[in-house]
Every structure is written in structure tokens, then in C-alpha cells.
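Residue-level structural notes
Chain by chain, the residues run as shown.
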Amino acid sequence: MFSRFVNKKRERLTMEKNALWLLCVLVLPVIACGYKEDDLVTGLPGQPPVNFRHYSGYVNLGPRQKQKSLFYWFFEAQQNTARRPLVLWLNGGPGCSAIATGAAQELGPFLVHTKGGNLTFNEFSWNKAITLTDLQNLGDQVTAEDSLVFLINWFKKFPEFRSNEFYITGESYAGHYVSQLAEVIHDRNKKVTRDSRINLKGIMIGNPVINEATDAAGIVDYAWSHALISDEVHKLIHDSCRFGDKLTAQCNKSFTAFTAYAAINIYSIFTPVCLSSSPSSKNHTRVMSDHNLLTSQNIWGRLPYAYDPCTPHYAEKYFNRKDVQVALHANVTNLPYPYTACSSVIKWTEAPTTVIPIIQKLLKGGLRIWIYSGDTDGRLPVTSTRYSLRKMRLKVESPWRSWFHKSEVAGWVETYAGGLTFVTVRGAGHQVPLFAPAQSLTLFSHFLASLPLPPSHFKEKKVLAMKKNALWLLLVLILPAIACSRKPEKKVTVSSGRKEEDLVSGLPGQPPVNFRHYAGYVDLGPRQKQKSLFYWFFEAQHNSSGRPLVLWLNGGPGCSSVAYGAAQELGPFLVRTNGGNLTFNDFSWNKEANMLFLEAPVGVGFSYTNNSVDLGKLGDQVTAEDSLDFLINWFTKFPEFRSSDFYLTGESYAGHYVPQLAEVIYDRNKKVQGDSRINLKGFMIGNAAINEETDMAGLIDYAWSHAIVSDELHSNLHSTCGLDEEQTSNTTIQCYENIKAFMEAYNDIDIYSIYTPVCLSSDSSSSSSQRRPKLVVSPSLFTYHDMWDKFPASGYDPCTEAYTENYFNRKDVQVALHANVTNLPYPYTPCSGVIRRWGEAPSTVLPIIQKLLTAGLRIWIYSGDTDGRVPVTSTRYSIKKMGSKVELPWRSWFHESQVAGWVETYAGGLTFATVRGAGHQVPVFAPAQSLTLFSHFLSSTPLPSKRF
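Remember, it's a predicted structure, so these values are computed and weren't measured experimentally. (Residues numbered from 1 in each chain as written. Predicted model: local features only at pLDDT ≥ 70, side-chain atom pairs only at ≥ 80, totals over all residues. Heavy atoms only, no water.)

**What to know about the state of the cysteines**
Here is the rule we go by: By definition, disulfides here are pairs of cysteine sulfur atoms that lie within 2.5 Å. Helix and strand assignments follow DSSP, with helices taken as H or I runs no shorter than four residues and strands as E runs no shorter than two, numbered in order from the N terminus.
Per the stated rule, a full pass over the model turns up 4 disulfides. Paired through a disulfide, cysteine 96 and cysteine 342 show a sulfur-sulfur distance of 2.0 Å. Taking the sign of the S-S torsion, about 105° here, the bridge from cysteine 96 to cysteine 342 comes out right-handed. Of this pair, cysteine 96 sits in the loop between β4 (86–90) and α2 (99–107) while cysteine 342 sits in the loop between α10 (322–327) and β10 (348–350), placing them 246 residues apart in sequence.

**Examining the packing of helix α5 (residues 212–225) against helix α12 (residues 382–392)**
Let me state the cut-off plainly: Lines fitted to C-alpha atoms define the axes, with helix axes restricted to the stretch in contact, and inter-axis angles between N-to-C directions lie between 0 and 180 degrees. Should an angle fall under 35 degrees it is called roughly parallel, over 145 degrees roughly antiparallel, and 65 to 115 degrees roughly perpendicular, with every other angle called oblique. Here a crossing is called left-handed whenever its near helix is offset anticlockwise from the far helix by less than a right angle, and right-handed whenever the offset is clockwise. Between two residues, a contact is recorded if the distance between any of their heavy atoms is within 4.5 Å. Following the grouping adopted for this structure description, the nonpolar residues are Ala, Val, Leu, Ile, Met, Phe, Trp, Tyr, Cys and Pro, the charged ones are Asp, Glu, Lys and Arg, and the polar ones are all others, Gly among them.
One can describe the packing of α5 onto α12 by two numbers: an axis separation of 7 Å at closest approach and a directional angle of 140°. By the angle between their directions, the pair α5 and α12 is classed as oblique. Considering only the axes of α5 and α12, their crossing is right-handed. Residues Thr214, Asp215, Ala217, Gly218, Ile219, Asp221 and Tyr222 of α5 form the contact with α12, whose participating residues are Val382, Thr383, Ser384, Tyr387, Ser388 and Lys391. Across the contact of α5 with α12, the residue classes break down as 5 nonpolar, 5 polar and 3 charged.

**Let's talk about the nonpolar core**
Selection rule: Among buried residues, those of type Ala, Val, Leu, Ile, Met, Phe, Trp, Tyr and Cys that are joined through side-chain atoms within 4.5 Å constitute a nonpolar core. With a 1.4 Å probe rolled over the protein chains alone, any residue whose accessible area is under 20% of its type maximum counts as buried; one over 50% counts as exposed, and the rest are partly exposed.
Residues Ile168, Trp536 and Trp634 are the most contacted members of the largest nonpolar core, which totals 215 residues. The element contributing the most residues to this core is α5, with 7 residues. In this structure, Trp126, Leu441, Leu443 and Leu453 belong to the second largest nonpolar core, which totals 23 residues.

**A closer look at the pairing of strand β22 (residues 646–651)**
Counted only if it meets this: In short, DSSP must find at least two bridges between two strands for them to pair.
Most of β22 sits out of view: 6 of its 6 residues are buried. Of the two faces of β22, both are covered, the one formed by Phe646, Leu648 and Gly650 as well as the one formed by Tyr647, Thr649 and Glu651. When strand β17 (residues 549–553) meets β22, the two strands line up parallel, connected through 5 bridges. By the bridge assignment, valine 550 is partnered in β22 with tyrosine 647. Strand direction decides the pairing type here: β22 and strand β23 (residues 680–686), joined by 6 bridges, are parallel. When the bridges of β23 are listed, glycine 650 appears paired with isoleucine 685.

**Concerning the pattern of salt bridges**
Basically, it comes down to this: Any Lys or Arg side-chain nitrogen located within 4 Å of an Asp or Glu carboxyl oxygen qualifies as a salt bridge.
Counted according to the given criterion, the structure contains 22 salt bridges. The salt bridge involving arginine 516 is made with glutamate 539; its shortest N-O contact spans 3.2 Å. Taken together, the residues span a long stretch of sequence, with arginine 516 in the loop between α16 (481–485) and β15 (517–524) and glutamate 539 in the loop between β16 (528–538) and β17 at a distance of 23 residues. Residue arginine 516 is classed as partly exposed on the basis of its relative accessible area of 46%. Assessed through its relative accessible area of 6%, glutamate 539 is described here as buried. For lysine 740, the salt bridge is made with glutamate 737, and the minimal N-O distance between the two is 3.5 Å. In this pair, lysine 740 and glutamate 737 are both assigned in helix α22 (residues 733–744), 3 residues apart and thus about one turn of the helix distant. Judged by its relative accessible area of 32%, lysine 740 is partly exposed. Judged by relative accessible area, glutamate 737 falls into the partly exposed class, the value being 41%. Within this structure, Glu183, Asp187 and Lys361 form a network of salt bridges that share partners.

**A look at the sheet that holds strand β12 (residues 396–405)**
Within the open sheet, the 7 strands sit side by side as β4-β8-β9-β11-β14-β13-β12. Their pairing is mixed. A strand with exactly one partner marks an edge of an open sheet, and here the two such strands are β4 and β12. Neighbouring strand axes in the sheet, compared pairwise and without regard to direction, differ in orientation by 15° on average. Bridging between strand β9 (residues 200–206) and strand β11 (residues 368–374) involves 5 bridges; their strand directions are parallel. Across the sheet, residue isoleucine 205 finds its bridge partner in β11, namely isoleucine 371.

As C-alpha cells, then:
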């Protein structure tokens, strides 16, 4: 049915280079309209050659308002002009130029991207429209009425477009402009003859101002859910505001604490800010009347100026050139002030608090309405729009689903009864065409054609792959005895030997280095001689004897610290290709410390047991005890490090491993003599599973706040799975169904890094690590239903995991690393294929963390804030549950003049830090920032708090 529908309207989808462009801006002088031929643009400085015409000039608003003239820029469609729709684009502000912003930076055919004066042709140009106003004592009503008069008079210049389908589009405060202009057109059309009507068909608005109370609430909740403000500020504002229909003076006052965007770009929270010398555009304050709450405190104008790095002032400079103004037939009266992207002469006096009644009226009038949100905009965030839509109480017609562009998830879409469609654009900021130009053009063309946005082109392949995974999982769940009943391996024990026997030389593909590294086995005798754990140890790059010793553990449980931590994240040699060469890591953590990577427990990577019964007895306690035995025996090999300061680090399920190992070391240290003690000083864990209840609640809430699941599913999960209760074991059939739906939300994106592409390589998809889902024990709510294993199999994928697996399966690599000396009967995999069950896993390690804080250990917890698997929301909930007192309040920290994240310090030695824009494996996504974080943890010094 869907394919027939698409084929029926296929020709309408050729509108990628279509529709018509109209830009206008209101100015003071009286200018004669003239003929359209007088407005034809030729000789525009820096313009690339094109095969379409464009016009610009003035249309005055006579006869009633001859003193006013609107400036426009109109681009014909690139093909078949006469049959394409006519589209008007409006930018917001109010008071910001659609030409300097929309046309020259976002979706026009000519973009100002450099200081050099040449224009860049935009292959994703909408070839469509914009309008904007510029005058004193203005307001929403005046703008709508003036824009209507402009259109009436513009059609006199261009009568050939009078019968074309007409659409209005825009962003930001154009949530008001577009809706209000559509309303006055709709009302006028009912009063005039057919020939005088404007053929309005619909509107589309992006990251729009819609409703003051929900917009304000959404800004605050988005900032908290994206780890930009503290718990205390979030609570203060909510307690003061309540966010009813009218915002109070007390609410207004509480917003003085809202300083989340002092150092980052509110319009695009993960991109760098421009650090060049201040352009002229920063000398005036942007007018923002869309939140009375903020402008009454004169706060909003101080927030970052549009999208900065570093193009807005290039556009200003371009449009202030006299030759450009002449070519565009602009500024013919020599205005007494320079051209600026946002007006410095406007005073906005009239702005209603909501346009929801207008949107509802237009839906009843039969107009097509699409609302879209770039989901990394903090200024008018997706959360605000979802709150506003919820307030409209519309009935869902086509439920929440992902939509695609070129095989990758471009966002999510939901359609409501009556003609409204809501769309998110994944990873895009406030100005969606700037951050996601190709996706925005796909969105626009489907809006015009009134077609559903593209579903996955690979759905059938995905279903087949999921069935294969389900079959494998079924074998694991139904036939676990196979692993335990097979004949035991040949009883071979590897001698611990001397460290010199473990020195690595001739590692294939290794770049030359000036430090030594060792790899091999340490058996767990005398108590457990049948077990041997594999390690890889890198001396520090400089002064190894004076540096700390740090053990890194990966999670899973069942995943390799060698394949992940050492080879993909923070080791000195990274496996980046299938070619066999290793890449030297400039941000390796052995710059700061001696780094030890351990594959634990047995069954992980090269670590093994001679008694396969051991594989059925694994759990948290066994792992901690075996890791302690490993360390005791490792120090026998490397006695020179026994007195070194010792730290534990790790990520993911190492949120269990690390505290539990720290606890058994701490307890043992109290029982043994000084020389036998391990000199444990502290630990650091990242994106860590630490408390089942809060991990689960955070997992669900993060997915909603990042626009991955629907309102309905989010609400159902909370109500049916008891997420607001202390225990999550009393689950229901409804909970089971909702969990299945939740997991499907991550079918097409990487849960470990929600904004990066997934690997589409056929080589990667066929690797054994991809066929074998990662075993994850917590939260038990999912394993209770045997479902958690079906979560995406990889950590950060595109496309390195398969390369790592291939590398460590090479015989010459294994020989160089003194690995697999017993010829294990299964291939090396980054996450174990022989660990079938995990017997013991406590629901929380918070008591252990509190015990070790009381004992005086230094504990840092960090979170990459784009990880959906163990998200920052979960960690914040867990820390809040500990009830620790804040010692140094929430603040940004910096790396190389850019905000690297936020940090808060608690009494007793606990520090919590976020890493901005990083996924689950922080050293992969933010290697330089992670090294800064690591070095400050080791030295126990505050993270940098200033840009310079």
C-alpha cells in the first residue's frame, strides 16, 4: 500500500531543487514598486553561475502605508518554475534578517561562508522564500498585516505566480509570524473573490515559539536533561514557576540563576563557539520578546548570538558592501545605520503568549501544518515543542517512528489527526538547514508533496538480522547446559614466569615508541591454578617509576578491556583499519600513568579456565575475587610497582567491577602487613551502571528527553514497569510489551552514541561480535524478560569493532602478545561468546561507594552525555539517591577554550563530571578531553574552569 502511494506521487518528490524563493525585509523609506524586470539581479559579487533567475528589491505597502517598504529576495525554482509551489520563508527574532540568516547561511542558493567575498552554491538550497520586518514600535499584529499587504502587492509584480500553491515556512519566532500571517490570509480569503485569493495550502515551522509557558518549561527541562544545569537550579526554577499559563514575577526572578549557556552556543549545544575577535554584530543586543519572562529581566539578549562559528558576521560584512547593495537594488535611500543580521532599532510592543488557538483554527480550516525540531537546539528545544503539542491534546494518527536519509536515521516523526505532523531532525541545532542541509531538503520536499517521510530502506534486512539474533539468543537461553556439559579442555597451565618473558616485541603494525609494554598470563594460584587471566601492560611514556599504576576494566559483563579499552579507546596503539597497521594514540592515558588492561573474568578475550564448570559460576563476586588474586600475583611479576599509587578505572558495567574490586582490596589491606598491601588511592568510573532502579529510570527518561521515544511509550513505561517505585521486579505483561517497543526505538541508531552514524559495512555486520549480542546483566528488569541481550551488540561501531576482532584473531598478533597459548577452541571476540549466564549481580553498588568515600578514597564518576545505554540522566539520579552534600556547585569545565562538560564536587571526596558530546566510550569520542579529565583525577586538582 505504501509503495503504491509513493509511486502514485513519485513525480512530486522531484521537488528537491524546486519551489520559489522570496525574501523580504521591512525598511523605512518610501520606494516605488516598479516592474519586476527592474528587480532582476545581475552581477551580484561573488555569485556562482546558475540557470535560474533571481530578483530583489522593494514593495511598498501603499496605498494605506506608503511610508513603509518591504525588501524581498526572490529565487525562481531551479527547474520548471511555472509549475512549482511558491514558498515564503520567515525568520524570527523578532527583528532578525531572513536574508542574512535564512538566505545567506541556511537554505538559500548562495551562502556566505568566508570573509573572501565569494558566495558558495548551496546544493541543498530550498529555492524558496523568506520575509522579515524592521521598524520601531512593532509587534506581531503589525507584522502579520504588513506582510499580507506586501504579498498582495508582490503578486501585482509577479502575477504569473498568483495561482501557484502557496506555503509559508520559517523558524524560531516565525512560530508566531507564520501562524499569524496564515491566519490573516485565511480570513481574507473568505472575504474576497476567488481571483483575489492567495492559494494558501499549508505552513511549516521549525524550532518555533508557540506557547510561552510550555516553551519556558521546555527550555529548563531540556537544559537539565542534557546535563547543562544542576539539580538545584532545575528545582529552584520549577518550584518558583510552576509553568502555568501565566508566568509570575517570582518565576522571572528565579531565572537569574539560569546561566547554562554562558559559555556554549544555546542554538547548537554540541558545536564549538566562535573564538575570533568580536564582529560588529556582537555589539548590539538581539531582540527576543518571545519569552516575556526572560526579557523583563534583560537576560535573554545576553544569550549567544544566533549560530556563531563563525559565519554571521561574514554575512553582515557582505551585505554592507556597496556593490552588493547596488546589485540587489537595496539601501537606495542610504539608511542611517549599518546592515545588521538582527536589528538594533526595533522596539517590540505586542506579542501574545500563545499561538496554539491559531494553529488549531488553521487545522480546522484544512491547512497542512508541519512542525519540526532540530534536537540539539537549547533555545527553542524539542522538549518545548513536545510540551506545546501535548497541550493541544491532538489524537495520534500515525505513531512515533524513525525516518531516514541515506540509510541513516534522520529523526523521528509522529502524525496527528486533523493534518498536523511533528518531525525531529537528529543532531541538528536551531537552524536546521544549516546543521542538516540534506535532511532538511528531504523534509521540505515531503512537506510540499504531502508524503510520509522515508522509512528505513533496510527494514527487511534488519528484520532478518533480528531473527538471526533472536535464534542465537534462544539457543543461549534454552541450551545453556551445552557449554557446561562439553568435555573439559586439556588441562594446560601457563607458568607465571618472569616479566621479561612477557615483554612484547615485533607486534604487527606497531609504530615505534620509546616505552616498553608487556602482555601475557597471570594464573590465579595457589587457590585456583586452573584459571589464567590475560593482561596488557604499558609503561608510562615518561618517568614510569614516578608515575601511578592504573588498572582499566571494561564492562559487559563479558567484554574485553584489551579489545575495547586498549585497542579502541585509551591505549597507545589503536586498531583503526583492517589493513593491519596500528595507529599511535596521541591521547593515550599512558602519557600520565602506567596503564594495565585486564581481561576478566575467565572466558573473556584470551583469559581462560581449564575447567569449563567455572564458566557457569561467574558473577560479580567471583570477578572481584579473581581480579584481586590477579593483582597479588601480578605484583609478584612487577614488584617495582608495588609501592606506586594505585588507581582503578573503567566504564559501563565496570561501575560494578571497579567499586567491588576496590572494596575487596580495601578490606584485604586492613588484614595484611604494609608491604603486602596494595596502595589503593581511588577510582574513576565512566557511564557506569551503579544502581538498577535509577539506571532504569534514567535510561527511559533520557530516551524521551532526547526525542527518541514517544510521549505515550514514556508514560506507559513509567506506569506499567514501576519505574517510580523502589523495586522493579513486579513487572507486568504490559511492561514486557512496552520494553519491547522501547528496544525497537534503538533498532536503527547506536544506543551508545545517539548522534553518530551506524556502521553499514557488510564486513562489519558479518563479524562474530555483531552476530552475538552483548551480554548485559543490569538492569534485571530487562533480563527478567530475557530481553536485554537484544540491545545493539556494539559499543561505538563505525566500523572499528570488527577490525579489532580481526586483528586479535591473527596468529602472528597472538604470538607477539604471548596470547592463546593453549589454542582456545573458540575465536577471539570483543565480548565473550562462551559466558552464557551471570549468576550474581547486586542491584546496587551505592553502599560500596559510600563505604569507600568514608574510608577516604578519591572517587570520580564521569558521563559522556550522548550515551543512551548508561546515560547521564541515570548517573544523576543515582548520585541524587546518595544524598551527598554539594561542596563546589555545578560549573562548566574547559579544554582548549571550549566547554568540555560540567562538573560538581560533593563533600567526602566524590566528583561528578560530564563530557560534552561524548558517547558511552568517552575516550573514543572525546580523546583529548578524556585525557585532561584523567590527569586531573590523578593529581586531584579541579578541572579547568576558564576558557583561557
